[in-house]
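Here are the chains, one letter per residue:
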Amino acid sequence: MTAPLNTRKPVVKLKVLDFRTFPIWEFAIDEEGENGQDETWVRPVQRSVIPLGAYSLLVAADFTMSSGRRLTGCMSVSTADGKVEISPGAVLGRVGYKTLPTVSRALAVRRHYDWSILERDALSKAIGLRENGIFPLSYRLRVLVRGEERIRKGALR
């Protein structure tokens, strides 16, 4: 069943089908407190292009692991202040909702970012591969940023 435009749900409840129906989602912070919603709740955006001047949109993305295996999920995209910033989001599907680490394991160990190491370990366990079979993890957004002619892509280390 596809999500209607009036869907509201906690971000960790997002599914692959949600991003097929609506490739862009936003945090519903202006609705915080309504019907038990908090700052983690999201809603779909009825657009097929990433708008300018936006903060922390969740944008559908396709991932390719270093092993060649493909995953589906989202990246966080901000277009405020005249620049595009893309940050790790999450992978979805059979693995559930697994957040992606924002830094490499080496940097996480050096800086004692235990939360990042835990994210990496949870992702590895859910996928059933060691980190070197996952990272570098290439991503490709599914929609354009307004005014651009090429889909954004990159890699997470």
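Treat the numbers as computed from the prediction; the structure is a model and nothing was measured.

Conventions and cut-offs
Residues numbered from 1 in each chain as written. Predicted model: local features only at pLDDT ≥ 70, side-chain atom pairs only at ≥ 80, totals over all residues. Heavy atoms only, no water. Helix = DSSP H or I, 4+ residues; strand = E, 2+ residues; numbered from the N terminus. Buried < 20%, exposed > 50% of the residue type's maximum accessible area, 1.4 Å probe, protein only. 1 Å grid on protein atoms, 1.4 Å probe; cavity = no way out; pocket = protein on both sides within 12 Å on 5 of 7 lines; lining within 4 Å. Points joined across faces, edges and corners; volume = space filled by probe spheres on them. Nonpolar A, V, L, I, M, F, W, Y, C, P; charged D, E, K, R; others polar. Salt bridge = Lys/Arg side-chain N within 4 Å of Asp/Glu carboxyl O. Core = buried A, V, L, I, M, F, W, Y, C linked by side-chain atoms within 4.5 Å. Phe/Tyr/Trp six-rings, centres within 6.5 Å; stacked < 30°, edge-to-face > 60°. Lys NZ or Arg CZ within 6 Å of the ring centre and 35° of its normal.

### Thoughts on the environment of Gln46
And then number 1: Considering the arrangement of structural elements, one finds Gln46 in the loop between strand S3 (41-44) and strand S4 (49-50).
And then number 2: Taking the relative accessible area as the measure of exposure, Gln46 reaches 61% and is therefore exposed.

### As for the layout of surface pockets
And then number 1: Roughly 160 Å³ of internal volume is contained in the largest pocket.
And then number 2: For the largest pocket, the full set of lining residues is Val16, Arg69, Arg70, Leu71, Thr72, Leu92, Gly93, Arg94, Val95 and Ala126.
And then number 3: With three residues, strand S6 (residues 70-78) is the largest single contributor of residues to the lining of the largest pocket.
And then number 4: Tallied by class, the residues present in the lining of the largest pocket amount to five nonpolar, two polar and three charged.

### Notes on the pattern of salt bridges
A side chain of one charge can pair with a side chain of the opposite charge when the charged atoms of the two come close.
And then number 1: Counted according to the given criterion, the structure contains eleven salt bridges.
And then number 2: Here Asp18 ties to Lys9 by a salt bridge, and the two come within 2.8 Å at their closest N and O atoms.
And then number 3: A relative accessible area of 5% places Asp18 in the buried class.
And then number 4: Linking Glu131 and Arg120 is a salt bridge whose minimum nitrogen-to-oxygen distance equals 2.6 Å. Here the residue Glu131 occupies a position in helix H4 (residues 131-134), and Arg120 occupies one in helix H3 (residues 114-127), the gap between them amounting to eleven residues.
And then number 5: Here the residues in one salt-bridge network are Arg8, Glu26, Asp30, Glu31 and Arg43, joined through shared partners.

### Points about unusual backbone geometry
And then number 1: Residue Pro136 follows Phe135 across a cis peptide bond; omega there is 0 degrees.
And then number 2: Considering the arrangement of structural elements, one finds Pro136 in the loop between H4 and strand S9 (137-141).
And then number 3: Even without being glycine, Ser56 reaches a positive phi, approximately 50 degrees.
And then number 4: Position of Ser56 relative to the elements: it lies in the loop between S4 and strand S5 (57-64).
And then number 5: The exposure class assigned to Ser56 is partly exposed, which follows from its relative accessible area of 31%.
And then number 6: Of note, His112 is a non-glycine position whose phi angle comes to about 60 degrees, a positive value.

### Comments concerning the nonpolar core
Within soluble globular proteins, side chains that are nonpolar tend to cluster in buried spots.
And then number 1: Membership of the largest hydrophobic core comes to 25 residues, with the highest contact counts inside it found for Ile50, Phe63, Met75 and Leu100.
And then number 2: Contributions of two or more residues to this core are made by S5, S6, H3 and S9.
And then number 3: Broken down by element, the residue count for this core peaks at four residues, all from S5.
And then number 4: Core analysis: the second largest hydrophobic core is formed by 14 residues, Ala3, Phe19, Phe22 and Ala90 among them.

### A look at the packing of aromatic side chains
And then number 1: Under the criterion given, the structure shown has three aromatic pairs.
And then number 2: Here the aromatic rings of Phe19 and Trp25 are separated by 6.2 Å at their centres, their planes lie at 55 degrees, and the arrangement is tilted. A single burial state applies to Phe19 and to Trp25, both of which are buried.
And then number 3: When the centroid spacing of 5.3 Å and the interplanar angle of 20 degrees are considered together, the rings of Tyr113 and Trp115 count as stacked.
And then number 4: Under the relative-accessibility criterion, Tyr113 is labelled partly exposed at 24%.
And then number 5: Members of the aromatic cluster, each reached through a chain of ring pairs, are Phe19, Phe22 and Trp25.
And then number 6: Positioned above the aromatic ring of Phe135 is the side chain of Arg120, whose terminal nitrogen or guanidinium carbon lies 4.3 Å from the ring centre.

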